[in-house]
Amino acid sequence: MVRANGAVSLRELARVVQTSEVTVRRDVRALEAEGLLDRRHGGAVLPGGFTRESGFPQKSHLATAEKTAIADVAAGLVEEGEAVVVGAGTTTQELARRLARVPGLTVVTNSLLVAQALAHANRVEVVMTGGTLRGSNYALVGSGAEQSLQGLRVSRAFLSGSGLTAERGLSTSNMLSASVDRALVQAAAEVVVLADHSKLGTDTMFQTVPTDVITRLVTDEPPSREDRSAIELQALADQGVQITVAGVGQQAPAPGQGAAAAGPGPGRPEGPGPAGRPPRRDMPLPGPRRTHPPTAPGGPGLRGPVSLSDQQIGGRVADLAPRRR
């Protein structure tokens, strides 16, 4: 499976071979010792993971349930009439399918897959960047794509990537893709990263979004006993990233309701919300986020300290960190 797909999650391996994740993890460790694959948090990849990148056909079959749950929650962050940028990737493609139901939305993207998902949404305006087509992920890259984003300003950027660590932030294996993603980030007041648990703790060659620029991470629940993924999530939260964990296999949200309606609020228990919105769990932030200068003139403002009440620290929280204006 790893040779065919380039990467596979422990959860998927356990399902296919009909055994426990503990057994799969032990077998993967033995295969790594023989040099047949590299372990990653929540999965395994072929050796040479820093530069290796799977193409769209392989990625589209990986962690499908997780990507669906992540896209469901991310769609609930978008409000009617907003303007957002959406980067390339199979997770962002899933998000685009749900954004088709948000009226008055403007989506700027360099992804042909995202544009295709929104092509028949008569209430959504789609703006494509220029650039050169990169066939492996159907994305427009190069100087044409980057120049078309100059002077653009939107409320949020939704991005995915090949790996995410607290130390370096979001990264990818391709230099051209990384450069365009940085331009997308410059255009947005907030940056939302969509990454399933298998990407947590994975570091690849080119940094796209530093940790202190990421506003929110939407991910799925790491498998049981996957301590390193949980440690990575906590490290990201310690640096001020809002962590939203999507429930896999839950009901779809009602897009266009906005971030405040997308999940449980302070003092309310987790669980399905009204109008079929999926349950989500937001990790509390332990302290103030470190501040940093804006990335460009007119860029996002500084995020100040966050005060946590005892009730919030108990775990029933919604959006703890203030938005960047």
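In what follows, the structure referred to is the one given above.
Residues numbered from 1 in each chain as written. Predicted model: local features only at pLDDT ≥ 70, side-chain atom pairs only at ≥ 80, totals over all residues. Heavy atoms only, no water.

Q: Help me understand the overall build of the chain in this model?
A: When helices and strands are tallied, the chain shows 11 helices and 16 strands. Buried residues in the chain amount to 55% of all 325 residues. Pairs at least 24 residues apart make up 69% of the contacts formed inside the chain by residues separated by at least 6 positions. For the chain, the accessible surface area stands at approximately 13,700 Å², while carbon and sulfur atoms represent 52% of it. (Helix = DSSP H or I, 4+ residues; strand = E, 2+ residues; numbered from the N terminus. Buried < 20%, exposed > 50% of the residue type's maximum accessible area, 1.4 Å probe, protein only. Contact = heavy atoms within 4.5 Å. Areas by Shrake-Rupley, 256 points an atom, 1.4 Å probe, with all protein chains shown as cover.)

Q: Where do I start with the environment of Glu 125 in this structure?
A: Topologically, Glu 125 is positioned in strand S6 (residues 124-128). Residues Glu 125 and Pro 103 lie 22 residues apart in sequence; the distance between their C-alpha atoms is 9.5 Å. Residue contacts for Glu 125: discarding those within four places in its chain leaves Leu 105, Thr 106 and Val 107.

Q: Would you mind showing me how to read the environment of His 120 here?
A: Counting through the fold element by element, His 120 comes out in the loop between helix H7 (112-118) and S6. The exposed category is assigned to His 120, whose relative accessible area is 79%. In sequence terms His 120 and Ala 100 are 20 residues apart; their C-alpha atoms lie 8.0 Å from each other.

Q: Help me understand the nonpolar core, please; the structure alone is not making it clear to me.
A: The tendency in soluble globular proteins is for nonpolar side chains to be buried as a group. Among the nonpolar cores identified, the biggest contains 30 residues, and Leu 164, Val 193, Val 209, Leu 217, Leu 236 and Ile 243 are the most heavily contacted of them. Looking at this core, the elements with two or more residues in it are strand S9 (154-159), helix H9 (175-186), strand S12 (188-194), helix H10 (227-238) and strand S15 (242-246). Ranked by the residues each element gives to this core, the list is headed by H9, at 4 residues. Sequence-distant contacts of Leu 217, that is, excluding residues within four places in its chain, are made with Leu 164, Val 193, Ala 195, Leu 200, Leu 233, Leu 236, Val 241, Gln 242, Ile 243 and Thr 244. Of all hydrophobic cores here, the second largest spans 25 residues; its members include Val 78, Leu 95, Val 124 and Ala 246. (Core = buried A, V, L, I, M, F, W, Y, C linked by side-chain atoms within 4.5 Å.)

Q: Hey, could you run me through the pattern of salt bridges in this one?
A: Two side chains that carry opposite charge are able to pair once their charged atoms sit near each other. Counted according to the given criterion, the structure contains 6 salt bridges. Arg 98 is the salt-bridge partner of Asp 72, the closest N and O atoms lying 2.5 Å from each other. Of this pair, Asp 72 sits in helix H5 (residues 64-75) while Arg 98 sits in helix H6 (residues 90-99), and the two are 26 residues apart along the sequence. No difference in accessibility class separates Asp 72 from Arg 98, as the two residues are buried. Among the ionic pairs, Glu 94 bridges to Arg 97, the shortest N-O distance being 2.4 Å. Of the two residues, Glu 94 and Arg 97 are both situated in helix H6; the distance of 3 residues between them amounts to about one turn of the helix. Three or more residues are tied together by salt bridges with common partners; here these are Asp 72, Glu 94, Arg 97 and Arg 98. (Salt bridge = Lys/Arg side-chain N within 4 Å of Asp/Glu carboxyl O.)

Q: Just to check I follow, could you spell out the pairing of S12 for this structure?
A: The two faces of a sheet get side chains in turn, since along a regular strand they alternate between them. Within S12, 7 of the 7 residues are buried, which leaves the element mostly enclosed by the surrounding structure. In the sheet, S9 pairs with S12 via 5 bridges, with the strands oriented parallel. Considered in S12, the bridge of Phe 158 is made with Val 192. With 3 bridges connecting them, S12 and strand S14 (residues 216-220) associate as parallel partners. (Pairing = 2+ DSSP bridges.)

Q: What exactly am I supposed to notice about a nonpolar patch on the surface here?
A: Side chains of Leu 112, Val 126, Met 128, Leu 133 and Tyr 138 sit close together on the surface and give an oily, nonpolar patch of about 380 Å² of accessible area. Its location among the elements puts Leu 133 in strand S7 (residues 132-134). (Patch = residues over 30% accessible without salt bridge, like charges linked within 9 Å, V, L, I, M, F, W, Y side chains within 5 Å.)

Q: Would you explain the packing of H5 against H6 in this entry?
A: Relative orientation and spacing of two packed helices are given, respectively, by the angle between their axes and the distance between those axes. As a packed pair, H5 and H6 sit with axes 8 Å apart at the nearest point and diverge in direction by 50°. The orientation of H5 relative to H6 falls into the category oblique. You can see that H5 and H6 cross each other, and the crossing is right-handed. Along the contact surface, H5 presents Lys 67, Thr 68, Ile 70, Ala 71, Asp 72, Ala 74 and Ala 75, while H6 presents Thr 90, Thr 91, Glu 94, Leu 95, Arg 98 and Leu 99. In the contact of H5 with H6, the residues fall into 6 nonpolar, 3 polar and 4 charged. (Axes fitted to C-alpha atoms, helices over the stretch in contact; angles between N-to-C directions. Parallel < 35°, antiparallel > 145°, perpendicular 65-115°, else oblique. Left-handed = near helix turned anticlockwise from the far one by under 90°. Nonpolar A, V, L, I, M, F, W, Y, C, P; charged D, E, K, R; others polar.)

Q: Just checking my understanding: could you explain the side chain of Ser 171 for this structure?
A: Looking at where Ser 171 falls in the secondary structure, it is placed in strand S11 (residues 169-172). Only 2.7 Å separates the side chain of Ser 171 from the side chain of Thr 204, close enough to count as a polar contact. Residues in contact with Ser 171, not counting those within four places in the same chain, are Gly 161, Ser 162, Gly 163, Thr 202, Asp 203, Thr 204, Phe 206, Gln 207 and Thr 208. (Polar contact = N/O pair within 3.5 Å; in protein donor to acceptor, adjacent residues only side chain to side chain.)

Q: Would you mind going over H9 with me for this structure?
A: Because each turn of an α-helix spans 3.6 residues, side chains separated by three or four positions in sequence point in the same direction. In this model H9 runs 17 Å from its N-terminal to its C-terminal C-alpha over 12 residues, within 8% of the 16 Å that 1.5 Å per residue would give. Within H9 the residues assigned to the buried category are Ser 177, Ala 178, Val 180, Asp 181, Ala 183, Leu 184 and Val 185. For H9, the capping residue at the N-terminal end is Asn 174, with a side-chain oxygen 3.0 Å from the backbone nitrogen of Leu 176. (Expected span 1.5 Å × (residues − 1).)

Q: Would you mind showing me how to read the sheet that holds strand S10 (residues 163-165) here?
A: Strand pairing in a sheet relies on backbone hydrogen bonds. The paired strands run either parallel or antiparallel. Spatial strand order, S10-S11-S13: 3 strands in an open sheet with antiparallel pairing. The strands lining the two open edges of the sheet, one partner per strand, are S10 and strand S13 (206-209). On average, each strand axis in the sheet is tilted by 40° relative to the strand beside it, whichever way the strands run. Sheet topology places S11 next to S13; 3 bridges connect them, and they run antiparallel. By the bridge assignment for S13, Ser 171 is matched with Gln 207.

Honestly, it's all geometry; don't read function into it.
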